[in-house]
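# Inside the fold
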Amino acid sequence: REPLCGACPIARFCAAKISGKQLDFPAKAARTKPVRIATTLLLIRRKNRILLRPATRVRGFWDLPEPFEGAKSGALEGSFRHTITFRRYTFEVRRAAAKSIPDGFRWFHEKKLHEIALSTTAKKALRCLQFQA
């Protein structure tokens, strides 16, 4: 931003200084255009348990499932936004029911959600549904 050409030991050899373009360097990186992504998360409950799946964005964390075969979406319960670098997510959270559960999905007791590694999006979704995770 503020080159110190007077203090630089190689200023007399510098092509940028010689051409008078030292203020143009370093070149600004091109800004990545934001990508907008709309996604639905499902809250599937049985008794006092909530269905979660391994998170796809962050390994080792758990997330609410997105729509899958065998799941039937219900009422819209809330929505929220989430940004990761240049991705701008808008999440809808819907109550749902499921006849069959895909491999890898697990049931967790709703009072023990604070004991597991939940993704940020799962925490935001559960907060908008008045769950404390």
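Details of the structure are given in the entry above.
The sections below set out a description of the structure shown in this document.

## Looking at the packing of aromatic side chains
Each pair of aromatic rings is reported with the distance of its centres and the angle of its planes. If you walk through the whole model with that rule in mind, you get four aromatic pairs. Ring-pair connections join several aromatic residues into one group, and the members of that group are Phe80, Tyr89 and Phe91.

## Let's talk about the pairing of strand S2 (residues 49–54)
Pairing of strand S1 (residues 35–46) with S2, which is carried by two bridges, proceeds in the antiparallel orientation. Within S2, the position partnered with arginine 45 by the bridge is isoleucine 50. Here S1 folds back onto S2 in antiparallel fashion, the turn holding two residues, of which lysine 47 has a positive phi close to 55°. By the bridge criterion, four bridges tie S2 to strand S6 (residues 106–109) in an arrangement that is antiparallel. The partner of arginine 49 across the bridge, within S6, is histidine 109.

## Quick look at helix H2 (residues 120–128)
Three or more residues of H2 are buried, namely Thr121, Ala122, Ala125 and Leu126. Buried residues in H2, looked at end-on, bunch into an arc of 130°, giving them a common side. Glutamine 130 occupies a position one or two residues after H2 and carries a positive phi of about 70°.

## Let's talk about the pattern of salt bridges
Here the idea is simple: oppositely charged side chains can pair when their charged atoms come close. As enumerated under the stated definition, the model contains four salt bridges in all. Arginine 45 serves as the salt-bridge partner of glutamate 110, at 2.5 Å between the closest nitrogen and oxygen. Residue glutamate 110 is located in the loop between S6 and H2, and its partner arginine 45 is located in strand S1; the two are separated by 65 residues in the primary sequence. With relative accessibility at 18%, the residue glutamate 110 sits in the buried group. In this structure, arginine 95 and glutamate 77 form a salt bridge, with 3.3 Å as the shortest nitrogen-oxygen distance. On the criterion of sequence distance, the pair formed by arginine 95 in strand S5 (residues 87–98) and glutamate 77 in strand S4 (residues 71–84) is long-range, its members being 18 residues apart. Taking relative accessible area as the criterion, glutamate 77 reaches 33% and is therefore assigned partly exposed.

## A short note on the nonpolar core
Counting residues in hydrophobic clusters, the biggest one holds 17 residues, and the most contacted among them are Ile50, Leu52, Leu64, Leu113, Leu118 and Leu126. Where this core is concerned, the elements lending two or more residues are S1, S2, S5 and H2. By size, the runner-up hydrophobic cluster in this structure holds eight residues, among which are Ile44, Leu51, Phe68 and Ala96.

Parameters at a glance
- Residues numbered from 1 in each chain as written.
- Predicted model: local features only at pLDDT ≥ 70, side-chain atom pairs only at ≥ 80, totals over all residues.
- Heavy atoms only, no water.
- Phe/Tyr/Trp six-rings, centres within 6.5 Å; stacked < 30°, edge-to-face > 60°.
- Pairing = 2+ DSSP bridges.
- Helix = DSSP H or I, 4+ residues; strand = E, 2+ residues; numbered from the N terminus.
- Buried < 20%, exposed > 50% of the residue type's maximum accessible area, 1.4 Å probe, protein only.
- Arc of directions from axis to C-beta.
- Salt bridge = Lys/Arg side-chain N within 4 Å of Asp/Glu carboxyl O.
- Core = buried A, V, L, I, M, F, W, Y, C linked by side-chain atoms within 4.5 Å.

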